[in-house]
Amino acid sequence: MKKRNWIKTIGLCAIGGLMCTHSIAGEPQKTQKYEPTAENLKSREAFSNDRFGIFLHWGLYSMLAQGEWVMTNQDLKWDEYEKLASGFYPAKFNAHDWVAAIKASGAKYICFTTRHHEGFSMFDTKWSDYNIVDATPFKRDVLKELADECQKQGIALHLYYSHLDWYRNDYYPLGRTGRGTGRTTHGEWKTYYEFMNNQIKELLTNYGPVRCIWFDGWWDHDQDPDFDWQLPEQYAMIHELQPSCLIGNNHHQVPFEGEDIQIFERDLPGENTAGLSGQSISHLPLETCQTMNGMWGYKIVDQNYKSTETLIHYLVNAAGKDANLLMNIGPQPNGELPATAVQRLKEIGDWMKIYGETIYGTRGGKITPRDWGVTTQKDNRMFVHILNLQDNGLYLPLTDKVKKAILFKDQTPVKFRQDKKGILLQFDSAPTDIDYVVELIF
Ligand code: GLC
C-alpha cells in the first residue's frame, strides 16, 4: 500500500546533517538561536505588505461534504475511508479559473492544503501511494497545476502541511484526535518523521518558490508535553532548501524558535472569541485565518456565508491590527470553488480596487483599534477606517501635525481642527459607507 524509498531517506539525513544530529533519543535538544537570512527578512516584508491571502482546504473529505474533520468526528476507519480515493475525480478542476477568481478578490497569496489530517497527499509524492496521482482516477498533480498557475498569474504560493495524521500507523504515539480511525498496529515515529521531511523536501523542490510552509496539528499532543515533534531540525531543513520560505505553525502558542510568522485562528490578534488564542503577540509578521462560511473543508449544509461587508470589515480590522487576513474557501468535490465564495471574492475585489491602497503595504496605524474602527499607515499618510460611527465628528488623540485631511474615495477635503492634544474630524453627516476612509497627510 505504501512505498518507501529507504535509500532516499538515508540520503536526506546525510544532507540535513543538522536534522540527524539533533534527534538522538534521550539527548537534550541543542537549541540554536535562529538568525533569519536576508532573503527571509525580505520575504517577511513582502508577506506583510500583501495583507490578504486565500486559504484553500481541499482533500478527499470534500466528497463527504461535512468538513475536513469528518474522519475523526465520525470515527471512520482508515481502510474504508481510503476507498474514497478511487472515486475522486474532480472533473471541473481548473487551476487557471481558481487563481483568476482568487486574484479578482485582490488577494496576493494562496495557501493550499497539501496534506490535511486525513493523511491524503494532494500532490505527486514518491513517499506514499495514497496521493492524488497514484490513488485516484484523476491522476493529475493539482498542486503542480496550481503552482504553475500562481507563477503565471503572479500570486505567491503558501503550503499547508499537517503534522498529525489520522491514517498512518507510524503517526505514533497517537495524539488526542483520530483515536477512532481503526489503527491497530503501530509503526514508529521515526519513519513518520522521515516521511514528513521527505514530503516537505518534495514540496520545496518540485513546485517552484514556496513562500510559506503553514504547519498545523501540533496541538494534537498538547496533553503530553514530553512529546517531541523535532521541529528545530525540520525548520532548519526548510530554511536550507528555500531560505526565503517562511515558517508558520498554527499551534496557538507564541512562536517557537525558527518560525517566521505568527498565526492566529478565527480571531484577530489580541482577541479570543473562539477560545484558540490567548497567546501574546510577538514581533513577527502576523496572520489570522478565518472561514468565509463556518467550516474550512467543503460542508454541504453550511451556507452560512458571512456578508461581503463583514468580510471586508474583517480584512480592514486585521490590517488595523497589523495582521494579514487568510480567508478560507472549501472547494467542492467536483473541483469548483463554491459559487457564493466566488461571488464574495468578486465583491471584495471591487472594494479593493478602490481601497487597496489603504490596505496593501500598510502597517497597523499609530492609533490603536477603537470601537469606531482602525487606522493603517504608510510613509507620511494615515488612513482612518471608520467602520462604525453614529456621529458626524470623530476625535483622534493624534499629536503629529496634520497638513491635510481628505476623503479617500473622492479626495475631497475633510474639515478638521487640531490642537496640542488631538484632532477633530468633522463630516456633514454620520458615515454610512462600508468603510469611510479619511486620509491624513503629515
Ligand atoms: C484547525 C483545524 C484544521 C484547520 C485549521 C485551519 O487547526 O483543525 O482543520 O485546517 O484549523 O486554521
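Note that the structure is a prediction, hence the values are computed from the model and not measured. (Residues numbered from 1 in each chain as written. Predicted model: local features only at pLDDT ≥ 70, side-chain atom pairs only at ≥ 80, totals over all residues. Heavy atoms only, no water.)

**Q** When you look at the environment of Ala 65 in this model, what are you seeing that I'm missing?
**A** Locating Ala 65 in the fold gives a position in the loop between helix 4 (61-64) and helix 5 (70-73). Of the residues examined, Ala 65 reaches a relative accessible area of 10% and is grouped as buried. Discounting chain neighbours no more than four positions away, the residues touching Ala 65 are Tyr 298, Lys 299 and Ile 300. (Helix = DSSP H or I, 4+ residues; strand = E, 2+ residues; numbered from the N terminus. Buried < 20%, exposed > 50% of the residue type's maximum accessible area, 1.4 Å probe, protein only. Contact = heavy atoms within 4.5 Å.)

**Q** Just to check I follow, could you spell out helix 12 (residues 339-355) for this structure?
**A** In an α-helix, one turn spans 3.6 residues, which is why side chains three or four residues apart end up on the same side. Under the 1.5 Å per step criterion, the end-to-end length of helix 12 is 24 Å for 17 residues, consistent within 8% with the ideal 24 Å. Listed in full, the buried residues belonging to helix 12 are Ala 341, Arg 344, Leu 345, Ile 348, Gly 349, Trp 351, Met 352 and Tyr 355. Its buried side turned inward, helix 12 meets strand 1 (52-56), helix 7 (95-103), helix 11 (308-320), strand 8 (323-329) and strand 16 (436-441). (Expected span 1.5 Å × (residues − 1).)

**Q** Help me understand the confidence of the model for the protein chain in this model?
**A** For any part of a model where pLDDT is low, the fine detail of the predicted coordinates should not be relied upon. The share of residues in the protein chain with pLDDT of 70 or more is 93%, and the mean pLDDT across the chain is 93. Across residues 1-29, confidence stays below pLDDT 50; counting only partners more than four residues off in sequence or on other chains, it has 52 contacts. (pLDDT = per-residue confidence, 0-100.)

**Q** How do you make sense of the site of the ligand when you look at a structure like this?
**A** Every one of the 14 residues lining the ligand counts as a neighbour, but His 57, Glu 68, Trp 69, His 116 and Asp 216 are closest to it. A distance of 2.9 Å separates an oxygen atom of the ligand from a polar side-chain atom of Trp 69. Asp 216 places a polar side-chain atom, nitrogen or oxygen, 2.9 Å from an oxygen atom of the ligand. Among the residues forming the shell around the ligand, the class breakdown is 7 nonpolar, 4 polar and 3 charged. (Near = heavy atom within 4 Å. Polar contact = N/O pair within 3.5 Å; in protein donor to acceptor, adjacent residues only side chain to side chain. Nonpolar A, V, L, I, M, F, W, Y, C, P; charged D, E, K, R; others polar.)

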